[in-house]
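What follows is each chain in one-letter form.
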Amino acid sequence: MTHNETAIKTDRLIIALDFPTIDEARSCVQKTSQHCCFYKIGLELLFSGGQDFVKELLADGHRVFVDAKLLDIGATVEKATANIARLGADFLTLHVSDTKTMQAAIKGRGSSSLKLLGVTVLTNLETEDLNEQGISGKTPKELVLHRAKLAKEAGLDGVIASAQEAADIREVVGPDFLIVTPGIRPVGSDIGDQARVMTPKLAIEAGADFLVVGRPISRADNPAEAADQIAREIAAAIV
Ligand code: C5P
């Protein structure tokens, strides 16, 4: 961004703070908060002081997505969800497995404003990985659509999926259901270990409500510049 340009901030961008320490995560927030107001804390940071950092981000006026990807028996999921709701987080993930576990999470969040998002199929997985898991005869997209429908019927607020599946998910779940897409890669950026990737522009056009971006920003030489470019691409794609 040059001095003459105004910073673009979008509420549709969620930056994944995948760092080993709070100091590194805090530094990334400081560099990017001109362009982003929503941050995702995943397993790496959650087990490295991340819960207090959730409170710090919320106190500073940011929105926070706790990417805990819960999956356990109902009673455990319910209590864990209640604790995360108490932190004041905005989004929480759990795996879409069976209806009773998803309903336990809904019970756990109680009357809080915590939104529950179902992880359909991780964006780094392909057909051969599903075969390995014993889920044969289904492509990732077919499984994503099946799980998105299950999540909606169970009463979750939305799903996490690749933007490559967003348009088809929207057809299955209708308009009032959040589609949050990781695996976002601007043109020319490194795919890393992701498999089912899409650019920010195409993800918005496919119907994604929120885009989760990690390494293209967090590992960029200039995270502020990278966040600015992605925020601009998102803003331009929203009609
Ligand atoms: O660095 P990158 O942009 O690939 O980060 C994507 C983030 O989204 C990571 O924090 C990862 O855990 C998360 N995620 C994902 N696929 C899912 C759910 C979450 O990549 N299905």
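Residues numbered from 1 in each chain as written. Predicted model: local features only at pLDDT ≥ 70, side-chain atom pairs only at ≥ 80, totals over all residues. Heavy atoms only, no water.

Re the overall build of the chain
Then step 1. Summing up its helical and strand segments, the chain has ten helices and eight strands in all.
Then step 2. With the C-alpha coordinates aligned to their principal axes, the bounding extent of the chain is approximately 55 × 35 × 35 Å.
Then step 3. Looking at the chain residue by residue over its 239 residues, the buried ones come to 51%.
Then step 4. Taking the intrachain contacts of the chain between residues at least 6 apart in sequence as the baseline, contacts between residues at least 24 apart amount to 67%.
Then step 5. A total of about 11100 Å² of accessible surface is found on the chain, and carbon and sulfur atoms cover 50% of it.
Then step 6. Treating the 26 positive side-chain charges of the chain as one cloud and the 33 negative ones as another, the clouds have centres 6 Å apart. (Helix = DSSP H or I, 4+ residues; strand = E, 2+ residues; numbered from the N terminus. Buried < 20%, exposed > 50% of the residue type's maximum accessible area, 1.4 Å probe, protein only. Contact = heavy atoms within 4.5 Å. Areas by Shrake-Rupley, 256 points an atom, 1.4 Å probe, with all protein chains shown as cover. Lys, Arg positive; Asp, Glu negative; His and termini not counted. Charge placed at Lys NZ, Arg CZ, Asp CG, Glu CD.)

Overview of the site of the ligand
Then step 1. Taken together, the neighbourhood of the ligand is formed by 17 residues, with Asp-18, Lys-40, Thr-123, Arg-185 and Arg-215 sitting nearest.
Then step 2. Contact distances for the ligand include 2.7 Å between an oxygen atom and a side-chain N or O atom of Asp-18.
Then step 3. At 2.8 Å, a side-chain N or O of Thr-123 approaches a nitrogen atom of the ligand.
Then step 4. About the coverage of the ligand: the protein hides 88% of its 470 Å² of free accessible area.
Then step 5. Because more than half of its atoms lie within 2 Å of the grid, the ligand is assigned to the largest pocket.
Then step 6. Of all elements in the fold, only β3 (63-70), β8 (210-213) and α9 (215-218) reach the threshold of two or more residues within the shell around the ligand.
Then step 7. Here the residues of the shell around the ligand sort into eight nonpolar, three polar and six charged. (Near = heavy atom within 4 Å. Polar contact = N/O pair within 3.5 Å; in protein donor to acceptor, adjacent residues only side chain to side chain. 1 Å grid on protein atoms, 1.4 Å probe; cavity = no way out; pocket = protein on both sides within 12 Å on 5 of 7 lines; lining within 4 Å. Sits in = over half its atoms within 2 Å of the grid points. Nonpolar A, V, L, I, M, F, W, Y, C, P; charged D, E, K, R; others polar.)

Some points on the layout of surface pockets
Then step 1. Computed from the structure, the largest pocket encloses a volume of approximately 510 Å³.
Then step 2. What lines the largest pocket is a set of 27 residues, and nearest its centre among them are Lys-40, Lys-69, Thr-123, Pro-182 and Gln-194.
Then step 3. Elements represented by at least two residues in the lining of the largest pocket include exactly α2 (43-59), β3, β8 and α9.
Then step 4. Looking at which element gives the most residues to the lining of the largest pocket, the answer is β3, with three residues. (Points joined across faces, edges and corners; volume = space filled by probe spheres on them.)

With respect to α2
Then step 1. The first and last C-alpha atoms of α2 sit only 21 Å apart over 17 residues, clearly below the 24 Å expected at 1.5 Å per residue.
Then step 2. The sharpest bend along α2 comes to roughly 95°, located at Gly-49.
Then step 3. Within the sequence span of α2, burial applies to Leu-45, Leu-46, Gly-50, Phe-53, Val-54 and Leu-57. (Expected span 1.5 Å × (residues − 1). Bend = angle between axes of the 7 residues up to and from the residue.)

Details of the side chain of Thr-123
Then step 1. In this fold, Thr-123 is placed in the loop between β5 (115-119) and α5 (127-132).
Then step 2. Judged by its relative accessible area of 8%, Thr-123 is buried.
Then step 3. Within the structure, Thr-123 has its side chain in polar contact with the side chain of Gln-194 (distance 2.8 Å).
Then step 4. Excluding its chain neighbours within four sequence positions, the residues that come into contact with Thr-123 are Ala-161, Ser-162, Pro-182, Gly-183, Gln-194, Ala-195 and Arg-196.

A word on the nonpolar core
Then step 1. Among the nonpolar cores identified, the biggest contains 65 residues, and Ile-15, Leu-17, Phe-53 and Val-66 are the most heavily contacted of them.
Then step 2. For this core, the element with the highest residue contribution is helix α6 (residues 140-154), accounting for six residues.
Then step 3. Ignoring sequence-local partners within four residues, the contact set of Leu-17 consists of Ala-25, Cys-28, Val-29, Tyr-39, Lys-40, Leu-45, Phe-53 and Leu-57. (Core = buried A, V, L, I, M, F, W, Y, C linked by side-chain atoms within 4.5 Å.)

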